[in-house]
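# Structural characterization, general
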Amino acid sequence: MKRRNFLLLSFLGSFGLTTCTKLLPHDSQETAVRANSSPSPSSSSEGKPLLRFVSVGDTGTGAKGQYAVATAMANYHQQNPYPLVLLAGDNIYNNGEIEKVEAVFEQPYKPLLQEGVQFRASLGNHDVRTDNGDPQVAYPGFNMEGRYYTFRQENVQFFALDTNLYYTRNPQNNPAGDAQLAWLERELSRSDAPWKVVFGHHQIYSSGHYGVNQAFIQKFTPLFEKYNVQLYINGHDHHYERSRDINGTTYLICGGGAGTRSVEQSDFTAHAASRLSFATYDVYEDRIEIKGIGTDGVVFDEGEILS
């Protein structure tokens, strides 16, 4: 038996139901469970998690879509407190102008910021259009310790990447990208955390607009497998998608933080939905429970990563 398995909580174990489910539209597969409802006696959510965190990406529009997701995040926090939000890039549209930060960050997330929730950001492709993203790196509210950085909370080590470093005119001569890759391997090798989570902006496995990123598969996945990275989180594609276990790693796209694009399903897809949403993670000693939550507060996807 493999050391780590990836399970759909809604999967009932019958081939017939699996076959039928694949024929249904995404919305028909959603689990009509309120985010603030209590778990059922048979739920695996029994007991308090060691850490709960949230991720959301492609947020920085200041428009009603962002506010709808931000409100849902604040409502969820009231019933299920969490100390941390990962921002998966494109924090400020359209060009990363730091003077917009109040309109596209401080105001939408004001209820969470007032509760002391910490945001940790990575840089998206729109963010680096102004001064290569340096003003965002320096902005205190994003809590970035550089273009790429690592931090630990409880039993989870987080590794934030600047995936923009690999979109150069001459990828064969990329000292900044090489330095980040060397840093990532060094920090992964040093970490004794039971759970390792990497996050950045660009996709690796996606069934959406940008598709599968073969260059990133070659660049990052050998390190993920070698050092037991259980989860990679990103934005860039404007949808929600949770992959099946791929050589020990789950890939989670949370790019529906302000707008959406259409998404298909691939053989590696566990669940995909084109909807405004965010993702939550409850971390235990032996598992991470993942939920996709829409602006209506309904949990539309549930999954689990086992240690």
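Residues numbered from 1 in each chain as written. Predicted model: local features only at pLDDT ≥ 70, side-chain atom pairs only at ≥ 80, totals over all residues. Heavy atoms only, no water.

## What to know about helix H2 (residues 64-79)
Structural remark: α-helix, 3.6 residues per turn; residues separated by three or four positions point the same way. Here H2 spans 23 Å end to end across 16 residues, near enough to the 22 Å set by a 1.5 Å rise per residue. Contacts made by the buried residues of H2 are with strand E3 (51-56), strand E4 (84-87), helix H3 (101-106), helix H4 (110-114), strand E13 (277-283) and strand E14 (287-294). (Helix = DSSP H or I, 4+ residues; strand = E, 2+ residues; numbered from the N terminus. Expected span 1.5 Å × (residues − 1). Contact = heavy atoms within 4.5 Å.)

## As for the pattern of salt bridges
The tally for this structure, following the rule as stated, stands at 13 salt bridges. Taking the shortest distance from any N to any O, the salt bridge between Arg52 and Asp282 comes out at 2.8 Å. With Arg52 in strand E3 and Asp282 in strand E13, this pair connects stretches of sequence that are 230 residues apart. There is no split in this pair, since Arg52 and Asp282 are both buried. Here Glu145 and Arg120 are joined by a salt bridge, their closest N and O atoms 2.7 Å apart. In this pair, Glu145 sits in the loop between helix H5 (134-138) and strand E6 (149-153) while Arg120 sits in strand E5 (residues 118-121), placing the two residues 25 residues apart along the sequence. For Glu145, a relative accessible area of 52% gives the class exposed. Given the relative accessible area of 9%, Arg120 is considered buried. Each of the salt bridges in this network shares a partner with another, and the network as a whole consists of Asp286, Arg287, Glu289 and Glu304. (Salt bridge = Lys/Arg side-chain N within 4 Å of Asp/Glu carboxyl O. Buried < 20%, exposed > 50% of the residue type's maximum accessible area, 1.4 Å probe, protein only.)

## Quick look at the environment of Gly294
Inspection of the secondary structure assignment puts Gly294 in strand E14. A relative accessible area of 1% places Gly294 in the buried class. Put simply, Gly294 and Ala68 are 226 residues apart on the chain and 9.1 Å apart in space, counted from C-alpha to C-alpha. Those residues in contact with Gly294, other than ones at most four positions away along the chain, are Ala72, Arg275, Leu276, Ser277 and Phe300.

## With respect to the sheet that holds strand E8 (residues 195-199)
Spatial strand order, E6-E7-E8-E9-E11-E10-E12: seven strands in an open sheet with mixed pairing. At either end of the open sheet lies a strand with only one pairing partner, and these are E6 and strand E12 (269-273). Neighbouring strand axes in the sheet, compared pairwise and without regard to direction, differ in orientation by 15° on average. Looking at chain direction, strand E9 (residues 231-234) and strand E11 (residues 250-254) are connected through four bridges and run parallel. When the bridges of E11 are listed, Ile233 appears paired with Leu252. Strands E6, strand E7 (156-160) and E8 of the sheet are contacted by helix H6 (residues 175-190), whose axis makes an angle of about 175° with E7. (Pairing = 2+ DSSP bridges. Axes fitted to C-alpha atoms, helices over the stretch in contact; angles between N-to-C directions.)

## Remarks on the confidence of the model for the protein chain
The pLDDT averaged across the protein chain works out to 89; a share of 85% of its residues lies at or above 70. Low pLDDT, under 50, characterises residues 1-33; the stretch is placed with 61 contacts to residues that sit more than four places away or in other chains. In the model, residues 36-45 has pLDDT below 50 throughout and makes 12 contacts with residues more than four positions away in sequence or in other chains. (pLDDT = per-residue confidence, 0-100.)

## Some points on the nonpolar core
Ranked by internal contacts, the top residues of the largest apolar core, which has 55 residues, are Met73, Phe158 and Ile233. The element best represented in this core is H2, accounting for six residues. With near-sequence residues (within four places) excluded, Phe158 lies in contact with Leu51, Phe53, Leu84, Leu86, Tyr149, Thr150, Phe151, Gln153, Val197 and Phe199. Listed in part, the 21 residues of the second largest apolar core include Trp183, Leu188, Phe224 and Ile246. (Core = buried A, V, L, I, M, F, W, Y, C linked by side-chain atoms within 4.5 Å.)

## Considerations on unusual backbone geometry
Look at the link from Tyr93 to Asn94: it is a cis peptide, with omega at 0°. By the secondary structure assignment, Asn94 is in the loop between E4 and H3. If you check the backbone angles, Asp90 has positive phi at about 55° while not being a glycine. Using a relative accessible area of 1% as the deciding quantity, one classes Asp90 as buried.

## What about the pairing of E4?
Neither face of E4 is open: one carries Leu84 and Leu86, the other Val85 and Leu87, and all of them are buried. Direction of pairing for E3 relative to E4: parallel, over a ladder of four bridges. Across the sheet, the residue bridging to Phe53 is Leu84, located in E4. For the crossover that starts at E3, traverses H2 and ends in the parallel E4, the hand is right-handed. Strand direction decides the pairing type here: E4 and E5, joined by four bridges, are parallel. Within E5, the residue paired with Leu86 across the bridge is Arg120. (Right-handed = clockwise from strand over helix to strand, strands pointing away.)

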